[in-house]
Amino acid sequence: MKKTLVAAMMLLVCSTILAAGIPDKIKALHKDGETMKTSFTETSVMPKLKKEQAKSGSLVFTAPSNLRLDYTDPAGDYTLITAMQFETSREGKVQKLPFKNPQSQWAVFRNTLLMSFMGDVEGVASMNEATATYKEEGANYVCTLKTDKPKQQGIAELVLVYNKKSGKLVSLTVTKGNGNYTTYAVK
């Protein structure tokens, strides 16, 4: 009985040590100036309304501060994030979102996206006042960040999935305090 308990405790300690290294492994695979060009899908789900909306397009990320999503479905829509702006165009209407205050909802969302693409999981957790858990799942690392103080309109949970070999972000799921969630997946 004691041997089984000791073995279980050792297994738990080893798995905790391995999990603690996951954020460092992911971050080490990234550098400033790296570029990622790929197609993506965006799926937004509103469980209470039983509504789901899917979009797709192409994505270009240039580290550390440029992200552009050009939608092909719906055509012409885009999201542009740079060091100086957060701009969206939906159905021909352009909206520039403020992020001068680093604690504003849009500033936090902007930085969350950029840091996620850079593989800075611990930075994302810290900025969102979240507790992170890590696991290996097949060819990927899965990082789940749960906000300690969820707000109705803010981020309650993030699930970041990274490819183990390249460190590239495979998918990002943002769950808001009201239960709505959006998953961005790259191909």
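Structural notes, computed from the coordinates. (Residues numbered from 1 in each chain as written. Predicted model: local features only at pLDDT ≥ 70, side-chain atom pairs only at ≥ 80, totals over all residues. Heavy atoms only, no water.)

## Overview of the nonpolar core
Put simply, the test is: Nonpolar core, defined: a set of buried Ala, Val, Leu, Ile, Met, Phe, Trp, Tyr and Cys residues in which side-chain atoms within 4.5 Å join the residues together. Type-normalised accessible area, obtained with a 1.4 Å probe on protein chains alone, sets the label of each residue: buried when under 20%, exposed when over 50%, and partly exposed for intermediate values. The contact criterion used throughout is that any non-hydrogen atoms of two residues lie within 4.5 Å.
Of all hydrophobic cores here, the largest spans 35 residues; its most connected members are Leu-59, Phe-61, Leu-67, Val-121, Cys-143, Leu-145 and Leu-160. Sequence-distant contacts of Leu-145, that is, excluding residues within four places in its chain, are made with Val-121, Val-124, Ala-125, Ala-130, Thr-131, Ala-132, Ala-156, Glu-157, Leu-158 and Leu-160.

## Notes on the sheet that holds strand 9 (residues 155-163)
Defined as follows: The pairing criterion for strands is at least two bridges between them, as found by DSSP. Helix and strand definitions follow DSSP, with helices as H or I runs of at least four residues and strands as E runs of at least two, each counted in order from the N terminus. For helices, the fitted axis covers only the stretch in contact; all axes are lines through C-alpha atoms, and the angles between them, taken along N-to-C directions, range from 0 to 180 degrees.
Across the sheet, which stays open at both edges, the eleven strands sit in the order 6-5-4-3-2-1-11-10-9-8-7 with antiparallel pairing between neighbours. In the strand order of this sheet, the two ends are held by strand 6 (93-97) and strand 7 (130-137), each with one partner. Strand-to-strand, the axes of this sheet are offset by a mean angle of 20°, without reference to chain direction. Of the pairings in the sheet, the one linking strand 2 (residues 51-62) to strand 3 (residues 66-73) comprises seven bridges and is antiparallel in character. Note that in strand 3 the partner of Val-60 across the bridge is Arg-68. Contacts from helix 3 (residues 105-117) reach strand 1 (35-46), strand 2, strand 3, strand 4 (75-81), strand 5 (86-90), strand 6, strand 9, strand 10 (169-176) and strand 11 (181-186), with the element oriented near 155° to strand 10.

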